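Inside the fold
Here is how the chains run, residue by residue.
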Amino acid sequence: MLDIKTIREETVKVRAGIKAKNEVDNLNEILELDETRRKIIQQVEKLKSERNSASAQVAKLKQSGESADDIISKMNNVKISIQEFDGELRVIDKKLEELLLTVPNIPHESVPIGNSPEENKIVFESKINLESKFTLKPHWEIAEKLNLIDFERGSKVTGAGFPFYLSKLAMLQRALINFFLDSANLKGYQEILPPIVVNEASARGTGQIPDKEDLMYTVERDELYLIPTAEVPVSNFYRDEIIDEKKLPIKFSAYTPCFRREAGSYGKDVRGLNRLHQFDKVELVKFTLPEKSYEELETLRSDAEDLLNKLRLKYRVLLMCTGDMGFTQTKKYDLEVWSQGQQKWLEVSSCSNFENFQSRRMNIRFRNSITQKMEFVHTLNGSALALPRVMAAVIEQYQTEDGKIKIPDVIQKYLPFNIIG
RNA sequence: GGAGAGGUGGCCGAGUGGUUGAAGGCGUUAGUCUCGAAAACUAAUAUGGGCGUAAGUCCAUCGAGGGUUCGAAUCCCCCCCUCUCCGCCA
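Procedures and definitions
Residues numbered from 1 in each chain as written. Chains lettered and ligands numbered in written order. Predicted model: local features only at pLDDT ≥ 70, side-chain atom pairs only at ≥ 80, totals over all residues. Heavy atoms only, no water. Helix = DSSP H or I, 4+ residues; strand = E, 2+ residues; numbered from the N terminus. Expected span 1.5 Å × (residues − 1). Axes fitted to C-alpha atoms, helices over the stretch in contact; angles between N-to-C directions. Parallel < 35°, antiparallel > 145°, perpendicular 65-115°, else oblique. Left-handed = near helix turned anticlockwise from the far one by under 90°. Contact = heavy atoms within 4.5 Å. Nonpolar A, V, L, I, M, F, W, Y, C, P; charged D, E, K, R; others polar. Patch = residues over 30% accessible without salt bridge, like charges linked within 9 Å, V, L, I, M, F, W, Y side chains within 5 Å. Areas by Shrake-Rupley, 256 points an atom, 1.4 Å probe, with all protein chains shown as cover. Salt bridge = Lys/Arg side-chain N within 4 Å of Asp/Glu carboxyl O. Lys, Arg positive; Asp, Glu negative; His and termini not counted. Charge placed at Lys NZ, Arg CZ, Asp CG, Glu CD. Buried < 20%, exposed > 50% of the residue type's maximum accessible area, 1.4 Å probe, protein only. Pairing = 2+ DSSP bridges. Polar contact = N/O pair within 3.5 Å; in protein donor to acceptor, adjacent residues only side chain to side chain. Domains from an automatic or database assignment. Buried area = accessible area lost by both parts, 1.4 Å probe. Phe/Tyr/Trp six-rings, centres within 6.5 Å; stacked < 30°, edge-to-face > 60°. Lys NZ or Arg CZ within 6 Å of the ring centre and 35° of its normal.

With respect to helix α10 (residues 293–310)
- For α10, spanning 18 residues, the distance from its first C-alpha to its last is 26 Å, which sits close to the expected 26 Å at 1.5 Å a residue.
- Once α10 finishes, Arg312 follows within two positions and takes phi at roughly 55°, a positive value.

Have a look at this one:
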């Protein structure tokens, strides 16, 4: 959520940001409501001030045993006016709040303007040579042959997009998670294991609601949401709190399953592990000083990249253009791993800065020791990494000519075997 | 799920209709003292909003939201949360 003051004072800039992101521009309505609101506030506060001093007089009179009936009867009308104004104000505040939630975050100046994925900027591509003496198969063929993933029983037990991982592949998944968490730990991230269902306020805090309700599974009876990413519970950890400035930056890592309805996304992209309704992910979340957040975005990105490098997977980094980056971010990098078996790039991480867009919603602040003022922290997060597509790339990249899967070097210490098959 | 108790500032805690935005304590910050530190003493110390160039001023806020009243931390309604006991349970 943007500050109404920013919208009021930097309307042109905000409007340009909305346009760049192809979002709906409600600024005129917002500014109009804001003006009406302030007019009413002026009137009602004048009345309240009157009331307060009258009440003080009543108190004085009563204490000295005199009658205050005159004042009291006069104040009756004031009371009714105040109630009317307050009622109006309540309606306006609610409407204004709703409209403010429709204003997207403003892209950072370093972000390329664009509408389509083609306009994202490739800022890095690894030069690993992936030449192989034989033709690499897509991961689902290998997994089927070695009986490592059971999609059919997953469909029977739950539904499409909820596979079972079997035997050594289940162990490899666990090993990868450990590798990711251990790496984060070495880089100073504090590991936390959060709840995987959240309440409405939390979903609202990180921006899943309103706007993206359809993304999440709901537990209607208890008014809870299954998390689409650990970002939601972890970012909300400090909701409505004041963080000690000296503790910043705070860095968390969290492993969770993630649940996404992915309504309406069917077709060839959903083959194998490419797109699931439930998947594992290790997420990194940072709370930082405002002036440090872009620096922290770069280290966040390189922390995620490091994992791909150590797994010796080919990947590239995209700087997302304004139209392709999402509602809440100011700047976002996507990491895509190369799937040699499928001959295409798969997104395995996205690292974003939200500046104070989320922290304003979540009310997470710190006291600036120089100005002595309260300020909102900046929040950032990034996947490091999402498991299924990494798994797909590993299976494909590490397949042997006779149809087995080698275990990547960095993972071997986590497993009692170094080949599957 | 049932019964009871409770939710007050960064923290603890007083306060049951009228200068209570809120006593007192702790903490924090600054100053005095000290070679320095500690202790002691002195002072300052909520957030958000409206108007204003500013100084300032007004309004709101005692878990959230409604209500009663000239006036609510205090009374009523509803919701949320915490604790204790019982029940259920890995």
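Let us keep going from here.
Things to note about the packing of helix α7 (residues 167–186) against helix α12 (residues 387–397)
- Here α7 crosses α12 at 115°, and the two axes come no closer than 11 Å. When the axis of α7 is compared with that of α12, the two are roughly perpendicular. Crossing geometry of α7 relative to α12 is assigned as right-handed. Seen from α7, the contacting residues are Leu169, Leu172, Gln173, Leu176, Ile177 and Phe180; seen from α12, they are Leu387, Val390, Met391, Val394 and Ile395.
- Looking at the contact of α7 with α12 residue by residue, the classes come out as 10 nonpolar, one polar and no charged.

Describing a negative patch on the surface
- The grouping of Glu23, Asp211, Glu213 and Asp214 at the surface amounts to a negative patch.
- On the accessibility criterion, Asp211 (52% relative accessible area) is exposed.

Quick word on the sheet that holds strand β14 (residues 364–367)
- Ordered by their spatial adjacency, three strands build an open sheet running β8-β14-β15, and the pairing between neighbours is mixed. Strands with a single pairing partner mark the edges of an open sheet, and in this sheet they are β8 (241–243) and β15 (374–376). The mean angle between the axes of side-by-side strands here comes to 40°, regardless of whether they run parallel or antiparallel.

Observations regarding the environment of Glu262
- Structurally, the position occupied by Glu262 is in the loop between β9 (250–259) and β10 (278–288).
- Here the alpha-carbon distance between Glu262 and Gly161, two residues 101 residues apart in the chain, equals 9.7 Å.
- Residues in contact with Glu262, not counting those within four places in the same chain, are Arg275, Leu276 and His277.
- Separated by 3.4 Å, the side chains of Glu262 and Arg275 make a polar contact.

Quick notes on the pattern of salt bridges
- Evaluated as defined, the whole model comprises 18 salt bridges.
- For the salt bridge of Asp3 with Arg360, the shortest nitrogen-to-oxygen distance reads 3.9 Å. A residue pair is termed long-range when its members are at least 10 positions apart, and Asp3 in the segment before α1 (4–9) and Arg360 in helix α11 (residues 357–362) qualify at 357 residues.
- The class of Asp3 is partly exposed, set by a relative accessible area of 24%.

A closer look at the domain arrangement of chain A
- Per the domain assignment, the segments of chain A are domain 1 (4–100) and domain 2 (117–420).
- Averaged C-alpha coordinates put domain 1 and domain 2 at centres separated by 44 Å.
- Facing the four residues of domain 1 at the interface are seven residues of domain 2.
- Counting the surface lost from both domain 1 and domain 2, the interface buries some 410 Å², and carbon and sulfur atoms represent 47% of this.
- When residues of domain 1 are sorted by the area they lose upon contact with domain 2, Ala20, Lys21 and Glu23 head the list and together hold 87% of the total.
- Where domain 1 meets domain 2, there are zero salt bridges.
- Seen at the junction of domain 1 and domain 2, the total is five residue pairs in polar contact (both at pLDDT 80 or more).
- For the side of domain 1 that touches domain 2, the residue count by class is one nonpolar, one polar and two charged.

As for the sheet that holds strand β13 (residues 344–353)
- Across the sheet, eight strands lie side by side as β1-β11-β12-β13-β16-β10-β9-β4; this open sheet has mixed pairing. In this open sheet, the two strands that pair with only one neighbour each are β1 (121–125) and β4 (190–191).
- The pairing of β1 with strand β11 (residues 315–319) spans four bridges and is classified as antiparallel. In the sheet register, Lys121 faces β11, and the bridge partner there is Leu319.
- Lying over the sheet, α12 contacts β10, β12 (331–339), β13 and β16 (378–386), oriented at roughly 35° with respect to β16.

With respect to the packing of aromatic side chains
- All told, the structure shown has 10 aromatic pairs when counted by the stated rule.
- On the basis of an interplanar angle of 35° and a centroid distance of 5.4 Å, the ring pair of Phe124 and Tyr315 is categorised as tilted. With Phe124 in strand β1 and Tyr315 in strand β11, this pair connects stretches of sequence that are 191 residues apart.
- For Phe124, a relative accessible area of 30% translates into the label partly exposed.
- For Tyr315, a relative accessible area of 0% gives the class buried.
- Pairing Trp338 with Trp345 gives two aromatic rings, centres 5.0 Å apart and planes at 65°, and the pair type is edge-to-face.
- Between the NZ or CZ atom of Lys251 and the centre of the ring of Tyr189, over which it lies, the distance is 4.6 Å.
- One cation-aromatic arrangement involves Arg301 over Tyr333; the distance from NZ or CZ to the ring centre is 4.7 Å.

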